Amino acid sequence: MSASILKILNLPGWNYKMSYEGVSILAPTKRDATNLAQSYGEALSETAAKINGKVRIGWRNCKQPIEFFGWMASRETPTPVETAESILRSEGSVFCSQLQMPMELLLRMIAAAENERPISIVRQDNRKQIIVNQPMADMLQTPPEIATQRVMTRFWLPEDLAELERKLSNDRQFTWTYSAGLNEQAWAILTTQFEAFEVEGVWYRQGTCLSTPQLVPIPPGAFVPA
């Protein structure tokens, strides 16, 4: 693990241990665990890859720890056993609210329909989520007719959305752990592979969720009008 993470783990109230499964971290509180996951998600995924195991972050009375796997640090498609997300399996459905459909966007829509992971596509000019597949609609617990009308600024904290767009302009494709709104009643930590792409002069971002959402308290300033 990086020196920055080890420095945190050596602070009072923190503990960690190695096992055949990987690294288990015990945080002082759920908030501390959340902050560690958001700040060092990429590094924790890389650690999991190096040890060929997983990194788990828990806290006292924790029922659902935050977990990072080695495949999150790579661009290889994980097996169903690795993702362990059978509840999000696709029925081959995909939903779109945009009437005009250029060929490249249509091909991405078809690929999303065939993917077992939650996928969404957002137009960057108006930040409207125009495409979701069935696993994404299930994960958001939102009817696709509503999900594909959302303006996504409302489901991000302003500073996190600004960081996302900065990353997209610099890297075009990357994996990031962050927090955002699933729906108006739920906020969660997510690990997502983002990709920026252009079709006929319009920029889009595609998000492929790689982890099971970890519910956290809704932060102040969330769900402000778009």
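Fair warning: this is a prediction, and the values are worked out from it, not measured in the lab.

What counts, and at which threshold
Residues numbered from 1 in each chain as written. Predicted model: local features only at pLDDT ≥ 70, side-chain atom pairs only at ≥ 80, totals over all residues. Heavy atoms only, no water. Salt bridge = Lys/Arg side-chain N within 4 Å of Asp/Glu carboxyl O. Helix = DSSP H or I, 4+ residues; strand = E, 2+ residues; numbered from the N terminus. Buried < 20%, exposed > 50% of the residue type's maximum accessible area, 1.4 Å probe, protein only. pLDDT = per-residue confidence, 0-100. Contact = heavy atoms within 4.5 Å. Phe/Tyr/Trp six-rings, centres within 6.5 Å; stacked < 30°, edge-to-face > 60°. Lys NZ or Arg CZ within 6 Å of the ring centre and 35° of its normal.

### Side note on the pattern of salt bridges
So, step 1. Enumeration according to the criterion identifies eight salt bridges in this entry.
So, step 2. For Arg56, the salt bridge identified is with Glu67, shortest N-O distance 2.8 Å. Remark: Glu67 occurs in strand E4 (residues 66-69) and Arg56 occurs in strand E3 (residues 54-59); sequence separation between them is 11 residues.
So, step 3. On the basis of relative accessibility, which here comes to 23%, the residue Glu67 falls in the partly exposed class.
So, step 4. As a salt-bridge pair, Arg154 and Glu184 come within 3.4 Å of each other at their nearest N and O atoms. One end of the pair, Arg154, is in the loop between helix H6 (144-147) and helix H7 (158-171); the other, Glu184, is in the loop between strand E8 (173-183) and strand E9 (186-199), with 30 residues separating them in the sequence.
So, step 5. The network of salt bridges with common partners includes Lys54, Arg56 and Glu67.

### Things to note about the confidence of the model for the chain
So, step 1. Per-residue pLDDT for the chain has a mean of 84; in total, 88% of the residues score no lower than 70.
So, step 2. Overall, residues 77-91 carries pLDDT values under 50, and its contacts beyond four positions in sequence, including any with other chains, amount to 26 contacts.

### Observations regarding the packing of aromatic side chains
So, step 1. Tallied over the full model, the rule gives seven aromatic pairs.
So, step 2. Consider the rings of Tyr178 and Phe194, whose centres lie 5.5 Å apart with planes at 50 degrees: the pair is tilted. Taken together, the residues Tyr178 in strand E8 and Phe194 in strand E9 connect sequence positions 16 residues apart.
So, step 3. The class of Tyr178 is buried, set by a relative accessible area of 6%.
So, step 4. Look at Phe197 and Tyr204: their rings are 5.4 Å apart centre to centre, the planes differ by 15 degrees, and that puts the pair in the stacked class.
So, step 5. With a relative accessible area of 2%, Tyr204 lands in the buried category.
So, step 6. Each member of the aromatic cluster is reached from another via a ring pair, and the members are Trp156, Phe174, Trp176, Tyr178 and Phe194.
So, step 7. If you follow Arg108 out to its NZ or CZ, it ends over the ring of Phe197, 3.6 Å from the centre.
So, step 8. The aromatic ring of Phe174 is capped on one face by Lys167, whose charged end is 5.6 Å from the ring centroid.

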